[in-house]
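Examination of the molecular architecture
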Amino acid sequence: MVHTAAAEYGSLAVQAEGSRIAFLARPASPEPAGPEASAEAELQSGPDVAAAPPAAALFVADADGVARAVIGGEAGSPEDGGGLAGGWWIPVDADLRLSHSGERVFFGSRPALTPPDPELAEQLPEEEVEVDIWSWTDDFLQPMQKVRLADDSARTYLAWTPFDGGAARQLETPELPVVRLDDTGDAATLLGLDDGPWRQLVSWEASYDDLYAVDAETGERRLVQERVRWLPSLSPEGDRIVWFDGDTGHWMTRAVDGAGAEAVALSEAIPHPVFDVLNDRPDGHYPEAAARWTDDGRVLVHDTYDVWVIDPANPAGARSVTEGRGRELGVRFRVLDPDPETPVIE
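Structural notes on the sheet that holds strand E4 (residues 68–71)
With antiparallel pairing, four strands are arranged side by side in an open sheet as E1-E2-E3-E4. In the strand order of this sheet, the two ends are held by strand E1 (7–14) and E4, each with one partner. Each strand of the sheet is rotated relative to its neighbour by a mean of 35°, with strand direction disregarded. Sheet topology note: the E1/strand E2 (residues 20–27) ladder contains six bridges and is antiparallel. For tyrosine 9, the partnering residue across the bridge sits in E2 and is alanine 25.

See below:
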């Protein structure tokens, strides 16, 4: 038994080896005291002013140990290194994950809640007015905003804290809404995607992202490439990004440190198209298949029939690992998804 308390328990995560666990819990909701108490509470708070749900505490435990709070509960305040800064909080049903090593606990958090306007609580139902406010500068059209409202309101942002306790690192924010973890969760550099500057284009063109290299330890981010549409991925070592460029029809690459170099056409030496030649939509090129990384930092890409391996440091040396047999025989070779425990191709 690692934890016993009058609490509402939420998400649970177990390390791959089963030696460590993490879970979320918050104080149990008090039993309702009857309809009279509910009516009195509504009179005090107003019928449409919802009370903020209590934040959950994050607990961790070794498989044979007693749980301890690392965020919330008895973990202390952010100033003590035991909580979230800036009013961020953890919902009890947030996503939760332990890294492969068990040293990092990843969780979803939300920004500080906006307190209700006390004047609104005094309004009568017949005084309420519903209006739609929109502008041509909005990221999304009004109907799309309404469709997205529930998901946007319920989403959380990725953060992590050390298993042994300490300050939390907020990786995702509204300004950088997507940070992709590697398969182990232990990488030093992560891939961040920000569609903010390009959101309006989704109404008439496509979705694009700016790509960032994110330092997992500090949360610091560095812009690597702007306006990418197709399949960005980070190398196993975290030193290079690859993506597909629909305008040129090539796989592109760029060093994360951006050492003064422009993006390089990774697949330029391949004598056959690496885009879908049967796709005749009035749009840019679509990739034939997703690129895959090898464990030594090379990239596997596909033409219509064959698989090619490319060293990003020497794109001119691209080599067909299927030796052109696919094109010769009219057979399509594809790289199968690797074992989840071995996410790169050996």
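Now that the structure is up, let's keep going.
Describing the packing of aromatic side chains
In total, this model carries six aromatic pairs according to the counting rule given. Ring centres of tyrosine 9 and phenylalanine 23 lie 5.9 Å apart, and the angle between their planes is 55°; this geometry places the pair in the tilted category. Placement of the pair is tyrosine 9 in strand E1 and phenylalanine 23 in strand E2, with a sequence separation of 14 residues. When its relative accessible area of 7% is taken as the criterion, phenylalanine 23 is described as buried. Centroid distance phenylalanine 106 to tryptophan 160: 6.3 Å. Interplanar angle 45°. Geometry classified as tilted.

Observations concerning the pattern of salt bridges
Enumeration according to the criterion identifies 18 salt bridges in this entry. The shortest N-O distance in the salt bridge between lysine 146 and aspartate 132 comes to 2.9 Å. Separated by 14 residues along the polypeptide, lysine 146 in helix H3 (residues 142–154) and aspartate 132 in the loop between helix H2 (118–121) and H3 bring together distant segments of the chain. Judged by its relative accessible area of 45%, aspartate 132 is partly exposed. Where arginine 229 meets aspartate 283, a salt bridge forms, and the shortest distance between an N and an O atom there is 2.9 Å. Remark: aspartate 283 occurs in the loop between strand E16 (264–265) and strand E17 (292–293) and arginine 229 occurs in the loop between strand E12 (221–228) and strand E13 (230–234); sequence separation between them is 54 residues. Using a relative accessible area of 24% as the deciding quantity, one classes arginine 229 as partly exposed. Residue aspartate 283 is classed as partly exposed on the basis of its relative accessible area, which comes to 38%. By sharing partners, the salt bridges in this structure join Arg20, Asp62 and Glu103 into a single network.

Reading guide: rules and limits
Residues numbered from 1 in each chain as written. Predicted model: local features only at pLDDT ≥ 70, side-chain atom pairs only at ≥ 80, totals over all residues. Heavy atoms only, no water. Pairing = 2+ DSSP bridges. Helix = DSSP H or I, 4+ residues; strand = E, 2+ residues; numbered from the N terminus. Axes fitted to C-alpha atoms, helices over the stretch in contact; angles between N-to-C directions. Phe/Tyr/Trp six-rings, centres within 6.5 Å; stacked < 30°, edge-to-face > 60°. Buried < 20%, exposed > 50% of the residue type's maximum accessible area, 1.4 Å probe, protein only. Salt bridge = Lys/Arg side-chain N within 4 Å of Asp/Glu carboxyl O.

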